[in-house]
Amino acid sequence: MLGLARSLDQETLSRVIALRDWLTTTGSRMDDPNAVMTGFIERLIELGLPIDRAASAIEALHSEYAGIGRFWTPGEGTVVRYLPHGERREAVYQASPFAYVSKTGEWLFLDLNETPDDLFPILPELKSAGFRHYLVVPIHFINGAENGISFATRSAKGFDDRALTILRLVMPSFALVTELRATSSRLDEVLRIYVGDEPHRAILSGAIQRGQVTRIRSAILFADMREYTRISSTLSPESAVELLNDYFDCLVPPIEDEGGEVLKYLGDGLLAIVRDRGDDTGGAPQAALSAANKALRRIQAANNEGRFPVPISIGIALHHGDAAYGNVGSGQRLDFTVIGRDVNLASRIADLNKRLGEPLLMSKSFVEHLWGDPTPLGLHAVEGFEDKIEIFRP
C-alpha cells in the first residue's frame, strides 16, 4: 500500500485519505446504505475516475431474499434490487463476473471492445449501453460470504493506472464498512425474523439478563389450527411445513396490515398483539378484531381454492390486557418469550373455540373496548383459572 501511495501526487493522496476517513466514520454511521454507495461513487468521480455505472452484490441472511444488489448511475443515483433465493438465482450468479472474481480472488479488467459476448451474460447489455471498460472487484467477508462491486465506463481510455491505484487504496476501507454494515444488518434482520420487532429491539438494546420483564398493554390475539396433529400425521415433513406456511400466509398479513405484531409461532398456532395507542383504548381491540375477521375470510378462500391438503379450520381468541416479555432459561441459553396471566388467558379462551364450535371468541375485557355489540355466550370455566370467564362472539 505504501508503494501505491507514493505513486500519487500529494493533493490526490490527501483526497484519497479523506475518502477513506469518510467511509470509516460518516459512511459507517449513515442510516441509508444507498447514500453510502452514492457518496462513495461521487467522491471517486471527484477524484477523476470515469465511472458511468457501478453495481454491488452483497449476500444477505434473510427469509425472503438471498442478497441485495445496489446499482448506481448518474441519472438515477443508487437503486436497490433484492436477489431471490432459488436455483435460478444461483445459476445466474455462478455465470456472473462476481462469481468469477470471488473464486479467483483477483480483480477482473475487461476492455469490452476486445471481449467476446459469451464470456459473461451481462456483457452484451453493457456493450449495447455504450460502455467500453468494465472492472469487477471481489469483497470477501470474514464469514466467507462472497460479494463484489463493479465499475463500468464509457471512456475510451478506461481505468488508467492512477484510477486503479486510487481504487486499490480505498477498496479495503469500503470493504470494511460494507462488512460492518452487512453484519449489523444480518444481526438485526435475523433477530427480527425469529423474535419479532419489539423483542429484537429490546435484545439489541441490552435486555438480555435473565428475569427482565417488559409489560405492553395491548389487544392479544391467539390462533391455532384445529386437528393439526391428525392432518399432519399423513403428511411428509416437507408437506407439513408447506401446510403451515400457507396457513400462516392467511393469518400474518391481516395482523400486520392492522398494525399488529406476531410475537411467537407456537407450532400450528401464533400469538400476536396490537398495542394500545395512547388513550385510544378502543383502537387496538378494533384492529385486532378486524385482523381476525380478515384472517378467517382468507382461510375460507384458501379452502375454497384447494390450497391445503384438506380443508382446515382455526380458532381465534381475542383478549385485552398485558403482554409481558421476559427472559427465561438457564446458563447461557435463554428464551425471550411472552408470559403473564393475560397471555395464558388468551390461550385458554382459544381452547374454548372447539368446545363451543366458534371460530372467533372474545373476553369481556376485550369487548368492553369495542364499538359494536357482541353476543354473550355465558360464563365458562377455563383451565388454570379459578373464576369462570365471560365469553362473547362478534
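Not measured: the values here are computed from a predicted model.

**Side note on the overall build of the protein chain**
Stage number 1. Helix and strand counts for the protein chain come out as 13 helices and 14 strands.
Stage number 2. Expected size for 394 residues packed as a compact globule is a radius of gyration near 21 Å; at 28 Å, the protein chain overshoots this value by more than 25%.
Stage number 3. Taken along the three principal axes of its C-alpha coordinates, the protein chain extends 85 × 45 × 40 Å.
Stage number 4. Taking all contacts inside the protein chain whose residues are at least 6 apart in sequence as the whole, residues at least 24 apart take part in 61%.
Stage number 5. In the structure as shown, the protein chain presents an accessible area of about 20,100 Å², 50% of it carried by carbon and sulfur atoms.
Stage number 6. Positive and negative side-chain charges of the protein chain, numbering 41 and 53 respectively, have mean locations separated by a distance of 1 Å.

**Concerning the sheet that holds strand β5 (residues 133-140)**
In a beta sheet, neighbouring strands pair by backbone hydrogen bonds and run either parallel or antiparallel.
Stage number 1. If you walk across this open sheet you meet the six strands as β3-β2-β1-β6-β5-β4, and the pairing is antiparallel. With partners counted over all chains shown, the strands left at the sheet margins are β3 (77-83) and β4 (108-111), one partner each. Averaged over all neighbouring strand pairs, the angle between strand axes comes to 15 degrees, with direction disregarded.
Stage number 2. Strands in contact with helix α5 (residues 97-104) are β1 (53-59), β4, β5 and β6 (146-153); relative to β5, the strand with the most contacts, it is inclined by about 55 degrees.

**Examining the side chain of Asp276**
Stage number 1. Considering the arrangement of structural elements, one finds Asp276 in the loop between β9 (269-275) and α11 (283-304).
Stage number 2. Buried charge without a salt bridge: Asp276, with Arg217 as the nearest opposite-charge side chain at an N-O distance of 4.5 Å.
Stage number 3. For Asp276, the side chain forms a polar contact with the side chain of His320, separated by 2.9 Å.

**A word on the nonpolar core**
Stage number 1. Ranked by size, the top nonpolar core spans 40 residues in total, and within it Leu221, Tyr247, Leu270, Ile316, Leu318 and Phe366 carry the most contacts.
Stage number 2. Elements supplying a minimum of two residues to this core: β7 (213-225), α9 (228-232), α10 (237-257), β9, α11, β10 (314-330), β12 (360-363) and α13 (364-367).
Stage number 3. Considering each element in turn, this core owes the most residues, 10 residues, to α11.
Stage number 4. Grouped together as the second largest cluster of nonpolar side chains are 36 residues, Val16, Ile58, Trp72 and Phe174 included.

**Quick look at a nonpolar patch on the surface**
Stage number 1. A cluster of nonpolar side chains, contributed by Val213, Val328 and Ile339, occupies part of the molecular surface with about 200 Å² of accessible area.
Stage number 2. By secondary structure assignment, the location of Val213 is in strand β7.

Calculation criteria
Residues numbered from 1 in each chain as written. Predicted model: local features only at pLDDT ≥ 70, side-chain atom pairs only at ≥ 80, totals over all residues. Heavy atoms only, no water. Helix = DSSP H or I, 4+ residues; strand = E, 2+ residues; numbered from the N terminus. Rg over C-alpha atoms; globule rule 2.2 N^0.38 Å. Contact = heavy atoms within 4.5 Å. Areas by Shrake-Rupley, 256 points an atom, 1.4 Å probe, with all protein chains shown as cover. Lys, Arg positive; Asp, Glu negative; His and termini not counted. Charge placed at Lys NZ, Arg CZ, Asp CG, Glu CD. Pairing = 2+ DSSP bridges. Axes fitted to C-alpha atoms, helices over the stretch in contact; angles between N-to-C directions. Buried < 20%, exposed > 50% of the residue type's maximum accessible area, 1.4 Å probe, protein only. Salt bridge = Lys/Arg side-chain N within 4 Å of Asp/Glu carboxyl O. Polar contact = N/O pair within 3.5 Å; in protein donor to acceptor, adjacent residues only side chain to side chain. Core = buried A, V, L, I, M, F, W, Y, C linked by side-chain atoms within 4.5 Å. Patch = residues over 30% accessible without salt bridge, like charges linked within 9 Å, V, L, I, M, F, W, Y side chains within 5 Å.

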